[in-house]
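Descriptive structure summary
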Amino acid sequence: MSKLSYISPEGLRIDGRRSNEIRRLNMRMGVLNRADGSSYYEQGNTKITVAIYGPHESTTQKSLFDRASIKCEFAMSSFSTSERKVKSRFDKTAYETSTLIKQAFESTVLTHLFPRSQIDIYVQVLQSDGGLKSAAINAVTLAMIDAGIPMRDYVCACSATFIEGSALMDLNHMEERSGGADLLLSIHPQLGGVISINMESKVPQEMFESVLDMALAGCKKIYYLLQEQVKKHSKDLMSNQLVG
Amino acid sequence: MNTIVTPGQKLCKDTEYISSEGTYVHKGSIYSSVLGFSHTIKRNINTDNNNETTTTSSSGSSSSIPSEYNNSTSEDKRDYIVVLKEKEPGIVPEIGNVVTVQVLRINPRLASCAILCVGTKALKETFNGVIRVQDVRATEIDKVEIYKSFRPGDIVSAEVISLGDSRSYYLSTAKNELGVVFAQSVVGATMIPVSWNQMQCPKTKTKEYRKVAKMDIAGTDQDDDNDTENGHENEKEDNNNESDQE
């Protein structure tokens, strides 16, 4: 096979999904004892843990007098990718992702309730198979809820692209490397606002709509799964309370 | 009632209820902002609470609280809607609260202590507080000596007078009902108060100086001392108190 084909004649993708399917989600909340809120999030082979500390007193000089500041650190474990890389101190992609998360949650968390304080988000990638940014955002949402930090809404993110004439939902690593559009959409699923939307490369204008719809549908699907998990987690806690 | 709600979930219109803790108002509707259980609180129960909320919201810089919130004090019949977390955020001492503290260290200027309880509620983790020498009692402030008022290990009932500096709350015992409620003598026996500034050890009969709290006014949660001589009476009182509360 000279050229890698992303979609088989039967309409299946490399990992066997159809174009409008997301990968299997597996998530847990409250996995770390020391953190105020934490989550473990699996989307296919992408595996992420998130720890949240705060709101606590600002450790830096840059405390904001009327609201909480949010700090985000995004780190890839050196064993998370197929080839081991020496981590550089100024990793631009990590910086980009952490800024994305920071901005998404600055607009979602009710920061005005905690003036002069700080919320720390630590994202650790354990295994990387594409869709890191979207997975990280979803994982942080879960950890925020676990921490009990007041938010306007969930933040749900999903990627979509356009390869070989059709729009694909939730890219894996191979599909991300195809050089397609790689649209990342994050939304407030209940309030119905877009938090961020960015695209890596160009897409024909008449196709953009279908890619955007695909990403939106992915966000909605993820929202329902997160919602289910949050309710299940809450019920578990409640049953534990009754026993204990 | 008591259903699990998640952030961003619509609870009701803001004409039905008043948005309170764990909720926010967006485009005329009240939404939950945390994961927890939705409760409604009757407004006539905490009329005082209502005043507090309005004052804090007007002093705060937040613009999210609509202006009718301030008018709601007068002729509003709406109940409050709150979302409480399953992980309790923990209570924090506030100015005016009566707190129960344990003295950790003393020096001539102040007694530093750990705040254990706020009112009748125990804290999950302690907060630091200091009782400065000028806040020990109301009269003859200049003659107060810390080591004649408190010793390390004493349990003291005190009032929060200021949030203090970043390290500790400022506490005061300058009232009759505030002061030492439980103290042990050098031999480890629980001492009995004999006057407003002295306590006696039942074993060795030595007297030690303390700023003693006058107990019968304060009433709640300070029955820890007097347990040697008047033990039975105290128990009876306790039972009465409990039945009253029930």
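Model, not experiment: these values are computed from the prediction. (Residues numbered from 1 in each chain as written. Chains lettered and ligands numbered in written order. Predicted model: local features only at pLDDT ≥ 70, side-chain atom pairs only at ≥ 80, totals over all residues. Heavy atoms only, no water.)

Digging into the overall build of chain B
This is how the line gets drawn: Working definition: helices are DSSP H or I runs of at least four residues, strands are E runs of at least two. Numbering for both runs from the N terminus. Any two residues whose heavy atoms approach within 4.5 Å are treated as being in contact. All accessible-area figures derive from a Shrake-Rupley calculation using a 1.4 Å probe, and residue coverage is judged against the displayed protein chains alone.
Scanning chain B for helices and strands turns up four helices and 16 strands. Within chain B, contacts between residues at least 6 apart in sequence are counted, and of these 56% link residues at least 24 apart. Counting every atom, chain B has about 14100 Å² of accessible surface; 48% of that belongs to carbon and sulfur.

Here's the deal with the overall build of chain A
Helix and strand content of chain A: four helices and nine strands. In chain A, the share of contacts with a sequence separation of at least 24, taken over all contacts with a separation of at least 6, comes to 71%.

Examining the confidence of the model for chain B
All names here are of chain B. We count it as follows: As a per-residue measure, pLDDT reflects the predictor's confidence and takes values from 0 up to 100.
Considering every residue of chain B, the mean pLDDT works out to 76; 70% of them sit at 70 or more. Put simply, helix H1 (residues 47-59) is where chain B has its lowest mean pLDDT, 38, and strand S8 (residues 98-106) is where it has its highest, 94. For the stretch residues 45-74, pLDDT sits under 50, and the model shows 24 contacts to residues farther than four places along the chain or on other chains. Ignoring residues within four places in sequence, the model shows residues 217-246, a span with pLDDT below 50, making 24 contacts including any to other chains. Scored as a whole, the predicted complex attains pTM 0.65, and scored at its interfaces, ipTM 0.79.

A word on helix H2 (residues 132-147) of chain A
Residues and elements named next belong to chain A. Just so we agree on the cut-off: By this rule the span expected of a helix is its residue count minus one, scaled by 1.5 Å. Between buried and exposed lies partly exposed: a residue is buried under 20% and exposed over 50% of the maximum accessible area for its type, with that area taken using a 1.4 Å probe on protein chains only.
The end-to-end C-alpha distance of H2 is 22 Å, a good match for the 22 Å that 16 residues give at a rise of 1.5 Å each. For H2, the tally of buried residues reaches 15 of 16 residues, placing the bulk of the element in the interior. Positioned one or two residues after H2, Gly148 has a phi angle of 75 degrees, which is positive.

A short note on the pairing of strand S6 (residues 156-163) of chain A
The two faces of the sheet receive side chains in turn, since in a regular strand these alternate between them. Residues and elements named next belong to chain A. Put simply, the rule is: We treat two strands as partners when DSSP finds at least two bridges between them.
Most of S6 is tucked away: eight of the eight residues are buried. Bridge count for S6 against strand S8 (residues 183-188) is five bridges, and the pairing is antiparallel. Across the sheet, residue Cys158 finds its bridge partner in S8, namely Leu185. Where S6 and strand S7 (residues 166-169) come together, four bridges link them in antiparallel fashion. Within S7, the position partnered with Thr161 by the bridge is Leu168. Counting the residues between successive antiparallel strands, the hairpin from S6 to S7 contains two residues, one of them, Glu164, with a positive phi of roughly 45 degrees.

Let's talk about the environment of Ser5 of chain A
Residues and elements named next belong to chain A. Following the sequence through the fold, Ser5 ends up in the segment before strand S1 (25-29). Linking Ser5 and Ile163, residues 158 residues apart in sequence, is a C-alpha distance of 9.6 Å. Contact partners of Ser5, with chain neighbours within four places excluded, come to Ile14 and Glu164.

Comments concerning the packing of aromatic side chains
Residue and element names in this part refer to chain A. Here is the rule we go by: Aromatic rings from Phe, Tyr and Trp, with only the six-membered ring used for Trp, were paired whenever their centres fell within 6.5 Å, and each pair was classed as stacked if the ring planes differed by under 30 degrees, edge-to-face if by over 60, and tilted otherwise.
For the structure on display, the rule yields five aromatic pairs over all chains. Between Tyr53 and Tyr122 the ring centres are 5.8 Å apart and the planes differ by 75 degrees, which places this aromatic pair in the edge-to-face class. With Tyr53 in strand S3 (residues 46-57) and Tyr122 in strand S5 (residues 117-127), the pair connects residues that are 69 residues apart, well separated along the chain. Residue class for Tyr53 comes out partly exposed when judged on its relative accessible area of 29%.

Quick word on a nonpolar patch on the surface
Residues and elements named next belong to chain A. This is how it is decided: Only residues whose relative accessible area exceeds 30% and that form no salt bridge enter a patch; like-charged residues are grouped when within 9 Å of one another, and nonpolar side chains (Val, Leu, Ile, Met, Phe, Trp, Tyr) when within 5 Å. Salt bridges are defined as contacts in which a side-chain nitrogen from Lys or Arg sits within 4 Å of a carboxyl oxygen from Asp or Glu.
Together, Leu4, Ile14 and Met174 make up an exposed nonpolar region whose accessible area comes to about 230 Å². By the secondary structure assignment, Met174 is in helix H3 (residues 173-176). In this structure Met174 comes out as partly exposed when scored by relative accessible area, which is 39%.

Describing the interface of chain B and chain A
Convention followed: Throughout, the accessible surface (probe 1.4 Å) given up by two parts as they are put together, summed over both, is called the buried area. Identification of polar contacts relies on pairs of N or O atoms within 3.5 Å, with a donor-acceptor requirement for protein atoms, meaning one able to donate a hydrogen and the other able to accept it, and with residues adjacent in sequence counted only if both atoms are side-chain atoms. Under the convention adopted here, Pro, Cys and the residues Ala, Val, Leu, Ile, Met, Phe, Trp and Tyr are nonpolar, Asp, Glu, Lys and Arg are charged, and Gly plus all remaining residues are polar.
With 20 residues of chain B at the interface, the matching set in chain A holds 24 residues. Of the roughly 1800 Å² buried at the junction of chain B and chain A (both faces included), carbon and sulfur atoms supply 60%. Where chain B packs against chain A, one counts zero salt bridges. Our count for the contact surface shared by chain B and chain A stands at six residue pairs in polar contact (both at pLDDT 80 or more). Among the secondary structure elements, those contributing two or more residues to the side of chain B that touches chain A are strand S4 (23-26) and strand S5 (29-32) of chain B. In the side of chain B that touches chain A, the residues fall into seven nonpolar, 10 polar and three charged.

What about unusual backbone geometry?
All names here are of chain A. Following Gly54, the chain continues to Pro55 via a peptide bond in cis, the omega torsion being 0 degrees. Phi at Arg116 is positive, roughly 60 degrees, even though this residue is not glycine. Its location among the elements puts Arg116 in the loop between helix H1 (92-106) and S5. Overall, the relative accessible area of 55% leaves Arg116 in the exposed class. Positive phi, close to 50 degrees, is recorded for Asp182, a residue that is not glycine. Relative to the elements of secondary structure, Asp182 occurs in the loop between H3 and S8.

So, the side chain of Thr108 of chain A
Within the secondary structure layout, Thr108 of chain A lies in the loop between H1 and S5. Look at Thr108 of chain A and you get buried, because its relative accessible area is 0%.

A few points about the sheet that holds S6 of chain A
All names here are of chain A. Applicable threshold: A fitted line through C-alpha atoms represents every axis, and for helices the fit uses only the stretch in contact; the resulting angles, taken between N-to-C directions, go from 0 to 180 degrees.
One open sheet holds the four strands; their spatial order is S7-S6-S8-S9, and the pairing between them is antiparallel. In this open sheet, the two strands that pair with only one neighbour each are S7 and strand S9 (193-199). Across the sheet, the axes of successive neighbouring strands diverge by a mean angle of 20 degrees, strand direction being ignored. In this structure, S8 lies alongside S9, joined through six bridges in antiparallel fashion. The partner of Ile187 across the bridge, within S9, is Val194. Most of the contacts of H2 go to S6, to which it runs at about 165 degrees, and overall it touches S6 and S8.

Side note on the pairing of S8 of chain A
Judged by how many residues are buried, S8 of chain A sits mostly within the fold: six of six residues are covered. In sequence, S8 of chain A turns back onto S9 of chain A through a hairpin of four residues, with Gly192 of chain A there showing a positive phi of about 80 degrees.

Focus on the sheet that holds strand S2 (residues 37-43) of chain A
All names here are of chain A. Here we have five strands laid out as an open sheet, ordered S1-S2-S3-S5-S4, and mixed in their pairing. Pairing within the sheet leaves two strands with one partner each, and these edge strands are S1 and strand S4 (69-76). Each strand axis lies, on average, 15 degrees off the axis of its neighbour in the sheet, ignoring direction. Two elements, S4 and S5, share eight bridges in a ladder whose sense is parallel. If you follow Ser69 over to S5, its bridge partner there is Gln118. Along the sheet face, H1 touches S4 and S5 and points at about 145 degrees away from the line of S4. Sitting on the sheet, H2 is in contact with S1, S2, S3, S4 and S5, with an inclination near 145 degrees to S2.

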